[in-house]
Structures are given as C-alpha cells and as structure tokens.
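Close look at the chain arrangement
If you want the building blocks of each chain, they are given just below.
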Amino acid sequence: MFDLLAMTLSGDPVAEPCGQTETLDWQWRGEGILELSPRQPCETAVVISAGVHGNETAPIELLNQLVDDLLSGARPLTVRLLVLLGNPPSMRINQRYVEADMNRMFGGRHARYKPNDETRRAQELEQVMALFYRSASAAGATQRFHYDLHTAIRGSQHVRFGLLPFQPRQQGKVMLEWLDAAGLDALVHHRSPGGTFTHFSSEVFQADSCTLELGKASPFGSNDHAQFSGVRRALETLVSGEPLPEREADSPLLHYRVVQDVIRSKEDFQLFVPGDALNFTAFKKGFVIAQESGKTYRVEAEEEVVLFPNPNVAMGLRAGLMLTKM
Ligand SMILES: O=C(O)CCC(=O)N[C@@H](CCC(=O)O)C(=O)O
Ligand SMILES: [Zn+2]
C-alpha cells in the first residue's frame, strides 16, 4: 500500500499520483504533500503538518500511521484533509534544516532570504495550503484547522504542549476543547506575529491553528509513542468525526503568555540559561537571561519561565522565549 513516509524519504517520482479507496479519494500534490477527500460532503478542512523540522521524527511517524489507517480503511475520513511532511531533505539527513529554519519563513518572509530549497519549499507549502482551503471552502467546508506537529530540542517540564499563534480574534472554542482533550500539559499564547507555519494559517486563512510540541527530538524508530497517545487519539477523532476523547492527564492544562522574545541580533550575543535547563524552568526577577552589545534581557516579572533557549540560532532569529503563567 502507499506509504507516505517511505515515499517521501525515497524522493522517487510517484508512479500513481492519485487513487481511491472505497470511501475516499487521495491525491499526491507534491513531495510529502497528500490530500484526502471523503466522498460525502463535509464542513471541515484540516491541515496536519509535521517534519517542518526534519529531525522531529515522533510526529512524522504518528502522522504516517494516521494516513495509513485512513488509506487502509481501518479508520473513516469525514473531513477534507491535507497532510504535509514539511522539509523532506532535512528529514533525510535527520537535521532541523539544511540551510535555514523554514519555520521562520512563512507569511512571505521567505522572500527576505537568499533563495534556497527551504525558501522555495516554504513558498510551495503556502501555495498548497491556499489552494486546499479555497477548494475545500468551495466544496462547502467552512471550518478550518491547522495543527503543525513538532518536538523540542531540549527536555521539558511539560512533555506535551501547544503554542497558539498571535491573532487579534479570540481563539476558537472548539480548538481549545480539542487541545484540552488531547491531554496537553500546557498552552503558550504568543503575543506578537511570527514566521511560523501556524501563524501563517491563522492570519491568512483564519484557521484555528496550533503548533503542538510532542516530547524531545530523537531519530526515526526511537520514539516512545505512548507519551503522545492522547494527541494521537484526538487527531483520530478529528479526522473521523468522533466524539472527543476523555482527557488523560493528572493535572489541568496550564496557560502561559509570552512576555519576552529573546532575539540574537549581534555577534557577541550570550545566553545565560544553563545548557541543561529544561524548557519551562523558572528564573527569578532580575536574572540576566541574555546579553549582547546594547541590549540586556532580564527577568522582569517576579518569575518567568524559559522556552526553547538556544544560543546557536542564526542572526536575527529567536534564541528563546520568556513566559509567565496566565
Ligand atoms: O526546541 C526548540 O528550541 C524548538 C522546537 C520547535 O521547533 N518549536 C517551534 C515552535 C513554533 C511556534 O512558536 O509556534 C519552532 O521553534 O519553530
Ligand atoms: Zn520544530
């Protein structure tokens, strides 16, 4: 049977770019880009992406299994579904990216970079998403979701969490209930626009969008999928129109807001978060998080927690986020 991940990793041209099962039609729209449509009319258009960072393999495996279940008929499809494996060349070499981080390029920001495979791919994904949501709307699908699946570089005090892109409208109630049911430990609310894929889908297509972080990056085949069973179950219910699963978590979902974006903008940038600090480690007021000529980042609230601290990002990019509890 058609194996999305194997097909994408092989890089081979696809012999049959479209096909059907008893209940759905599928179409290979480009490398790692698969659209699935049920024969019945539906109100919901869903994009699920993974592999925008090539070394974040757990969600790629999870998504591949979901596609397999749909194509084999083990699971019914009741939504229009676009599945995207974001950055196949970086998946092949198990690296976050080849030349530049694609998850900073969306919303046309790819035009600010020297052209490369990743700028072209970001543009292609934007176009594919636009066509998908438009054609789904024309076919009567009015509700749009986008979940972009990632894993973190560091270990984390919250193993499963989501990041909601900044947007002026209220976050959709249906999505918030879904995120809770998926058993996430925390939700981070961005406070400014960014070049992420979910910011793009939220801003341009008014999709209910969330970046999901599932554990720590490991090579293909070495992921503990039991950690993400709630998210897998929630995705299954989403694509099959089933009731939400029961939340499997000991504690309620925590909410954080971003209070500082730490940007590496000078060569002498230094980050003072210890290399072994987990995501969501707390720092007290006054702690110097980072410094470069002309700028010092300090904890300003009584306590702030750090997310994605990384001194090795390219110039001009985010080297960490500071959050407070909401
Ligand atoms: O662990 C890290 O440093 C990064 C993990 C990751 O790729 N996270 C996403 C979050 C996107 C968002 O803010 O919505 C990213 O940095 O692109
Ligand atoms: Zn990522």
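Residues numbered from 1 in each chain as written. Chains lettered and ligands numbered in written order. Predicted model: local features only at pLDDT ≥ 70, side-chain atom pairs only at ≥ 80, totals over all residues. Heavy atoms only, no water.

1. Concerning the environment of glycine 195
The criterion, for reference: Put simply, DSSP marks the helices as runs of H or I at least four residues long and the strands as runs of E at least two long, and each gets a number from the N terminus on. Contact criterion: two residues are considered in contact whenever any of their non-hydrogen atoms come within 4.5 Å of each other.
Tracing the chain through its elements places glycine 195 in the loop between strand 8 (186-189) and helix 6 (197-205). Put simply, glycine 195 and serine 156 are 39 residues apart on the chain and 23 Å apart in space, counted from C-alpha to C-alpha. Look past the residues within four positions of glycine 195 in its chain and what remains in contact with it is Met102, Asn103, Arg104, Met105, Phe106 and Arg109.

2. Quick word on the UniProt feature "domain: AstE/AspA barrel-sandwich hybrid" (unreviewed entry) in the protein chain
As a reminder, the rule being used: UniProt positions are given in the numbering used here, feature names are shortened, and annotations may be inferred rather than shown by experiment.
Mapped onto the present numbering, the UniProt feature "domain: AstE/AspA barrel-sandwich hybrid" (unreviewed entry) falls at residues 252-325. Between the first and last C-alpha atoms of residues 252-325 the distance is 13 Å; the span itself is 0% helix and 50% strand.

3. With respect to the side chain of glutamate 56
The following threshold applies: A 3.5 Å cut-off defines polar contacts: any pair of N or O atoms within that distance qualifies, except that in protein one atom must be a possible hydrogen donor and the other a possible acceptor, and neighbouring residues in sequence count only when both atoms are side-chain atoms.
Summarising the element assignment, glutamate 56 is placed in the loop between strand 4 (44-50) and helix 2 (57-72). Here histidine 150 takes part through its side chain, which lies 3.0 Å from a polar atom of the side chain of glutamate 56. The residues touching glutamate 56, leaving out its near neighbours within four places in the chain, are Arg96, His150, Thr151 and Ala217.

4. Brief notes about the domain arrangement of the protein chain
The line we're drawing: For the purposes of this description, domain bounds are those given by an automatic or database domain assignment. The quantity reported as buried area is the accessible area (1.4 Å probe) lost by two parts once they are put together, taken as the sum for both.
For the protein chain, the assigned domains are domain 1 (4-240) and domain 2 (258-325). If you average the C-alpha positions of domain 1 and of domain 2, the two centres end up 28 Å apart. In this assembly, 18 residues from domain 1 lie in contact with 19 residues from domain 2. Between domain 1 and domain 2 the total buried area reaches about 1500 Å² when both faces are included, carbon and sulfur atoms providing 57% of it. Counting the surface domain 1 buries against domain 2, the share from its top three residues, Arg104, Arg154 and Gln157, is 40%.

5. What about the coordination of the zinc ion (ligand 2)?
Our working definition: Water is not part of the atom set, so a site may look incomplete; the donors themselves are N, O and S atoms within 2.8 Å of the metal, or 3.2 Å for Na, K and Ca. Only protein chains enter the accessibility calculation, which uses a 1.4 Å probe. A residue is then buried if its area is under 20% of the maximum for its type, exposed if over 50%, and partly exposed in between.
Here the zinc ion (ligand 2) is held by His53 (ND1), Glu56 (OE), Glu56 (OE) and His150 (ND1), and the distances to it run 2.0 to 2.4 Å. For the zinc ion (ligand 2), the donor residues sit on a single chain with the sequence spacing H-x2-E-x93-H. Linking glutamate 56 in the loop between strand 4 and helix 2 with histidine 150 in strand 6 (residues 143-152), this pair joins segments that are 94 residues apart in sequence. Of the two residues examined, glutamate 56 and histidine 150, each falls in the buried class.

6. Here's the deal with the nonpolar core
Put simply, the rule is: Buried Ala, Val, Leu, Ile, Met, Phe, Trp, Tyr and Cys residues form a nonpolar core when they are joined through side-chain atoms within 4.5 Å.
Counting residues in each nonpolar core, the largest one holds 47 residues, and the members touching the most others are Leu34, Leu36, Leu81, Tyr147, Leu179, Leu212 and Leu235. It is helix 2 that provides the largest number of residues to this core, a total of eight residues. Ranked by size, the runner-up nonpolar core spans 23 residues in total, among them Met129, Ala130, Phe132 and Phe205.

7. Considering the packing of aromatic side chains
Short version of the rule: When two rings of Phe, Tyr or Trp (its six-membered ring) have centres within 6.5 Å they constitute a pair, described as stacked for plane angles under 30 degrees, edge-to-face for angles over 60, and tilted for the intermediate range. The rule is short: NZ of Lys or CZ of Arg within 6 Å of the ring centre and within 35 degrees of the ring normal puts a charge over the ring.
Scanning the entire structure with this criterion turns up 11 aromatic pairs. Taken together, the ring pairs in this structure connect Phe106, Phe132, Tyr133, Phe197, Phe200 and Phe205 into an aromatic cluster. The ring of tyrosine 297 carries the charged tip of lysine 295 above its face, separated from the ring centre by 4.8 Å.

8. Structural notes on the sheet that holds strand 14 (residues 295-298)
The condition is simple: When DSSP locates at least two bridges between a pair of strands, those strands are taken to pair.
Taken in spatial order, the three strands of this open sheet run 11-13-14, and their pairing is antiparallel. Every interior strand has two partners, whereas the edge strands, strand 11 (270-271) and strand 14, have only one. As judged from the two bridges shared by strand 11 and strand 13 (residues 288-292), these two strands associate in the antiparallel manner. For glutamine 270, the partnering residue across the bridge sits in strand 13 and is glutamine 291.

9. A word on the site of ligand 1
Here is the rule: Throughout, the term near means that a residue has one or more heavy atoms lying within 4 Å of the molecule or strand in question. Calculation of accessible area relied on Shrake-Rupley with a 1.4 Å probe; when residues are assessed, cover is drawn exclusively from the protein chains displayed. In this classification, the charged set is Asp, Glu, Lys and Arg, the nonpolar set is Ala, Val, Leu, Ile, Met, Phe, Trp, Tyr, Cys and Pro, and all remaining amino acids, among them Gly, are polar.
Contacts to ligand 1 come from 16 residues, most closely from Asn103, Arg104, Ile153, His190 and Glu213. In the environment of ligand 1, an oxygen atom lies 2.7 Å from a nitrogen or oxygen atom belonging to the side chain of arginine 104. Taking threonine 211, its side chain carries an N or O atom lying 2.8 Å from an oxygen atom of ligand 1. Its free accessible area being 430 Å², ligand 1 has 98% of it covered by the protein chains. Going through the elements one at a time, strand 6 and strand 9 (208-216) are the ones with two or more residues in the shell around ligand 1. With three residues, the top contributor of residues to the shell around ligand 1 is strand 6. Split into classes, the residues belonging to the shell around ligand 1 amount to four nonpolar, seven polar and five charged.

10. Observations concerning the confidence of the model for the protein chain
Operational definition: A residue's pLDDT is simply how confident the predictor is in it, with values from 0 to 100.
Looking at the protein chain, pLDDT values average 96 and 100% of them are 70 or higher. Overall fold confidence (pTM) sits at 0.97, and the ipTM for the predicted complex is 0.98.

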